[in-house]
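Understanding the architecture of this molecule
Residues per chain, in single letters:
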2 protein chains.
Amino acid sequence: MKAERNTIIPLNADDTIGHLADLFRLMGDPTRLRIVLTCLDEPISVGEIAMRLDSSPSLVSHHLRLLKAARVLRSERRGKQIFYSALDEHIRCVIDDMVAHIGEPLDIEDAD
Amino acid sequence: MKAERNTIIPLNADDTIGHLADLFRLMGDPTRLRIVLTCLDEPISVGEIAMRLDSSPSLVSHHLRLLKAARVLRSERRGKQIFYSALDEHIRCVIDDMVAHIGEPLDIEDAD
DNA sequence: CCAACATTTCAACAACTATTCAATTGTCTG
DNA sequence: CAGACAATTGAATAGTTGTTGAAATGTTGG
């Protein structure tokens with residue numbers, strides 16, 4: 001299931017759009033985006049995320065709660081630590097597509 | 001061409017992540033997301049966007065400015081009106097991927 | 001040039017949100 | 001059980017941002 005050129009989203013379905021916007025907004029914070037990227041490779045504990053991002057466990061935990069509630073990440077306890085990882089592969093696709101968008105070499109024709 | 005499972009993003013490249021987050025944050029507002037979706041199909045004037053979304057031209061214009069600055073949309077003047085459309089197809093892919101993520105019916109495969 | 005239309009800009013307010021620090025809960029070990 | 005470690009929670013603050021209405025800019029046609 002990849003992105004095709006058939007975005008058929010019922011524009012009157014406010015629920016879907018609202019849900020979509022919620023997810024995009026979650027990825028729209030640099031700290032949260034770094035957290036997601038850190039969790040993409042392998043399950044990682046809260047402490048190590050905080051360590052890698054040079055942030056506080058409290059802040060990381062706050063963001064993790066939101067990302068988990070939105071089903072972007074999932075959590076799994078291992079002893080004293082709790083490991084977070086991506087819930088599925090879609091987020092990776094979304095990010096890759098967005099990276100591709102950035103990579104688009106400024107196709108400037110004649111903008112008015 | 002499409003999203004593969006090889007998100008190779010240099011985590012120390014704050015510029016890239018910041019740019020990514022900016023784009024996600026732009027898509028994270030329901031009004032702005034609706035505007036983007038409206039512009040995906042064909043070039044459309046500011047007035048008609050406002051009409052379809054039942055919003056004010058002022059508000060729409062405000063969002064269009066941000067979306068254009070972020071190279072999500074492009075503008076083209078035709079007489080008195082200015083038509084906006086998607087700058088490339090990547091945004092459509094991003095949205096489709098995100099829709100796929102939402103549609104994922106809690107697919108707990110080999111979750112331990 | 002003037003009037004009508006389309007869009008943009010400006011200022012200002014209300015609402016939201018990321019961050020911090022302290023306190024709490026949960027878990028393992030000695 | 002007590003202590004240390006790990007993570008969460010709560011409240012409070014500072015900064016950001018979406019929205020609004022009025023004014024201004026730009027464009028076309030009479």
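So, here is what we can say about the structure in this document. (Residues numbered from 1 in each chain as written. Chains lettered and ligands numbered in written order. Predicted model: local features only at pLDDT ≥ 70, side-chain atom pairs only at ≥ 80, totals over all residues. Heavy atoms only, no water.)

We now examine the pattern of salt bridges. Residues and elements named next belong to chain A. Inspection of the entire model under this criterion finds 9 salt bridges over all chains. One salt bridge in this structure joins E76 and R78, with 3.5 Å as the shortest N-O distance. Given a relative accessible area of 40%, R78 falls into the partly exposed group. Shared partners join several salt bridges into a network, and the residues in it are E42, E48 and R52. (Salt bridge = Lys/Arg side-chain N within 4 Å of Asp/Glu carboxyl O. Buried < 20%, exposed > 50% of the residue type's maximum accessible area, 1.4 Å probe, protein only.)

A few words on the protein's contact with DNA strand D. Surveying the vicinity of DNA strand D reveals 23 residues, the closest of which are S58(A), S61(A), Y84(A), R32(B) and H63(B). Those atoms of DNA strand D that come within 4 Å of the protein belong to sugar or phosphate at a rate of 69%. Backbone polar atom of V46(A) to a phosphate oxygen of DNA strand D: 3.3 Å apart, as the coordinates give it. Within the side chain of Y84(A), a nitrogen or oxygen atom sits 2.4 Å from a phosphate oxygen of DNA strand D. Only α3 (46–53), α4 (57–69) and β3 (81–86) of chain A together with α2 (30–41) and α4 (57–69) of chain B provide two or more residues apiece to the surface near DNA strand D. Classifying every residue of the surface near DNA strand D by side-chain character gives 5 nonpolar, 11 polar and 7 charged. (Near = heavy atom within 4 Å. Polar contact = N/O pair within 3.5 Å; in protein donor to acceptor, adjacent residues only side chain to side chain. Helix = DSSP H or I, 4+ residues; strand = E, 2+ residues; numbered from the N terminus. Nonpolar A, V, L, I, M, F, W, Y, C, P; charged D, E, K, R; others polar.)

Right, let's talk about the sheet that holds strand β1 (residues 44–45) of chain A for a bit. Residue and element names in this part refer to chain A. What the 3 strands build is an open sheet, ordered β1-β3-β2; its pairing is antiparallel. Each edge of the open sheet carries a strand with a single partner, namely β1 and β2 (73–78). Each of β1, β2 and β3 touches helix α2 (residues 30–41); the most contacted strand, β3, lies at about 90° to it. (Pairing = 2+ DSSP bridges. Contact = heavy atoms within 4.5 Å. Axes fitted to C-alpha atoms, helices over the stretch in contact; angles between N-to-C directions.)

Residues and elements named next belong to chain B. The element α2 is largely enclosed, with a buried count of 9 among its 12 residues. For α2, every residue scored as buried is listed here: R32, L33, R34, I35, V36, L37, T38, C39 and L40. Capping the start of α2 is the job of one residue whose side-chain oxygen sits 3.2 Å from the backbone nitrogen of T31: D29.

This paragraph deals with the environment of H101(A). Within the secondary structure, H101(A) is located in helix α5 (residues 90–103). If we skip the residues at most four places from it in the chain, H101(A) touches L23(B), A70(B), R71(B), V72(B), D88(B), H90(B) and I91(B).

Residue and element names in this part refer to chain A. You can see L87 is positioned in the loop between β3 and α5. The partly exposed category is assigned to L87, whose relative accessible area is 32%. Along the backbone, L87 and V72 are 15 residues apart, and their C-alpha atoms lie at a distance of 5.7 Å. Contact partners of L87, with chain neighbours within four places excluded, come to R71, V72, L73 and R74.

As a general feature of sheets, a regular strand has side chains that alternate between the two faces. Residue and element names in this part refer to chain A. Taken together, the 2 bridges between β1 and β3 define a ladder with antiparallel strand orientation. Each residue of the ladder has a partner; that of S45, found in β3, is F83. With 6 bridges connecting them, β2 and β3 associate as antiparallel partners. When the sheet's bridge partners are listed, R74 is paired in β3 with S85. Between the antiparallel neighbours β2 and β3 lie 2 residues, among them G79 with a positive phi of about 70°.

Geometrically, a pair of aromatic rings is defined through the distance of the ring centres and the angle of the planes. Within the structure shown, the criterion is met by 1 aromatic pair over all chains. Of note, R78(A) hangs over the ring of F83(A), and the distance from its end group to the ring centre comes to 4.4 Å. (Phe/Tyr/Trp six-rings, centres within 6.5 Å; stacked < 30°, edge-to-face > 60°. Lys NZ or Arg CZ within 6 Å of the ring centre and 35° of its normal.)

The next subject is the side chain of H63(B). Within the secondary structure, H63(B) sits in helix α4. Once residues within four sequence positions are removed from consideration, H63(B) is found in contact with D29(B), T31(B), R32(B) and I35(B).

With that out of the way, let us pick up the protein's contact with DNA strand C. The immediate surroundings of DNA strand C are formed by 22 residues, with R32(A), S58(A), H63(A), S61(B) and Y84(B) found nearest. Within 4 Å of the protein, the contacting atoms of DNA strand C are drawn from sugar and phosphate to the extent of 78%. Contacts to DNA strand C include G47(B), whose backbone N or O atom sits 2.7 Å from a phosphate oxygen. One of the side-chain N or O atoms of S58(B) is found 2.8 Å from a base oxygen in DNA strand C. The set of elements that each furnish at least two residues to the surface near DNA strand C consists of α2 and α4 of chain A together with α3 (46–52), α4 and β3 (81–86) of chain B. Per-class residue counts for the surface near DNA strand C are 5 nonpolar, 10 polar and 7 charged.

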